Amino acid sequence: MNPAPTTSTDPLGCGQPFETSGDGVLTVDGRFPSTASGTDRAVTGTVEVTGRRAVRGVVSPRAEVFLVRQGAVAAVPAAQDLIGVQWDLAVGDVEQLPGDVPLVSCEPAGGPVPAGDYELYARVVIVPADGTDRLVSFGGPWPLRVT
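Residues numbered from 1 in each chain as written. Predicted model: local features only at pLDDT ≥ 70, side-chain atom pairs only at ≥ 80, totals over all residues. Heavy atoms only, no water.

Novice: Please clarify how the overall build of the protein chain should be interpreted in this entry.
Specialist: What the protein chain contains, in helices and strands, is zero helices and ten strands. Ordered by position in the sequence, the α and β elements of the protein chain form the string β-β-β-β-β-β-β-β-β-β. What you see for the protein chain is a C-alpha radius of gyration of 15 Å, in line with the 15 Å of a compact globule of 147 residues. Its C-alpha atoms put the protein chain at 45 × 30 × 25 Å along the principal axes. Considering the protein chain as a whole, with its 147 residues, one finds that 39% of them fall into the buried category. Sequence-distant contacts, at least 24 apart, represent 72% of the contacts inside the protein chain between residues at least 6 apart. When the accessible area of the protein chain is evaluated, it comes to approximately 7,600 Å², of which 49% is carbon and sulfur surface. (Helix = DSSP H or I, 4+ residues; strand = E, 2+ residues; numbered from the N terminus. Rg over C-alpha atoms; globule rule 2.2 N^0.38 Å. Buried < 20%, exposed > 50% of the residue type's maximum accessible area, 1.4 Å probe, protein only. Contact = heavy atoms within 4.5 Å. Areas by Shrake-Rupley, 256 points an atom, 1.4 Å probe, with all protein chains shown as cover.)

Novice: Would you mind showing me how to read the pattern of salt bridges here?
Specialist: Here the idea is simple: oppositely charged side chains can pair when their charged atoms come close. Applying the stated criterion across every chain yields a total of four salt bridges. The partner of Arg31 in a salt bridge is Glu48, and the shortest N-O contact between them spans 3.8 Å. Here Arg31, found in strand E1 (residues 26–31), pairs with Glu48, found in strand E3 (residues 42–51); they are 17 residues apart in sequence, far enough to count as distant. On the accessibility criterion, Glu48 (25% relative accessible area) is partly exposed. Among the salt bridges present, the one from Arg123 reaches Glu64, with a minimum N-O distance of 2.6 Å. Of the two residues, Arg123 sits in strand E9 (residues 116–128) while Glu64 sits in strand E5 (residues 63–69), which places them 59 residues apart along the sequence. On the basis of relative accessibility, which here comes to 5%, the residue Arg123 falls in the buried class. (Salt bridge = Lys/Arg side-chain N within 4 Å of Asp/Glu carboxyl O.)

Novice: Teacher, can you tell me more about the state of the cysteines here?
Specialist: What is meant by a disulfide is a covalent connection between two cysteines, made through their sulfur atoms. Counted by the stated rule, this structure contains one disulfide. With its sulfur 2.1 Å from that of its partner, Cys14 forms a disulfide with Cys106. A torsion of 85° about the S-S bond marks the disulfide between Cys14 and Cys106 as right-handed. Here Cys106 lies in the loop between strand E8 (94–102) and E9 and Cys14 lies in the segment before E1, a separation of 92 residues in the sequence. The exposure class assigned to Cys14 is partly exposed, which follows from its relative accessible area of 28%. (Disulfide = S-S within 2.5 Å.)

Novice: Would you explain unusual backbone geometry in this entry?
Specialist: Trans is the common state for peptide bonds, and a negative phi is the common state for residues other than glycine. The omega angle of the peptide bond from Gly140 to Pro141 is 5°, so this bond is cis rather than trans. Within the secondary structure layout, Pro141 lies in strand E10 (residues 135–146). One non-glycine residue with positive phi stands out, namely Gln70, at about 50°. Within the secondary structure, Gln70 sits in the loop between E5 and strand E6 (72–75).

Novice: Would you mind going over the pairing of E8 with me for this structure?
Specialist: Within a regular strand, side chains alternate between the sheet's two faces. Pairing geometry for E3 and E8, over nine bridges, is antiparallel. Bridging across to E8, Gly45 finds its partner in Gly99. Looking at chain direction, E5 and E8 are connected through two bridges and run parallel. When the sheet's bridge partners are listed, Glu64 is paired in E8 with Asp100. (Pairing = 2+ DSSP bridges.)

So this is what it looks like as structure tokens:
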């Protein structure tokens, strides 16, 4: 998957269609389990970020991870209230971030996500030190079966 830079970091809308396309500043890859129990609170993994061009800025210390089912957002990233981390990535440099997504439906009724097949995605946002627009890159999909 090619990461897609955007200038928006609006929250992912529950039930909204999700698509990514285009080239990006970062390549985002992930290592997550392929199955989870519906009784699990979250799915946790590691996101590996590789610079496709040099970039210096601030990033959250955790990747934003979310679930998509049948093309629509089914579970949103966990809220983060963390101090940013300074990155100075050269082309080819690699950084790792932890990432997790609660296995809670983002629908108004909430509750555990229904059993079934999902696609897991990660979003990494960099606020460049030069004051230009935020850079948003996505990685995924990685399959996840909730039992």
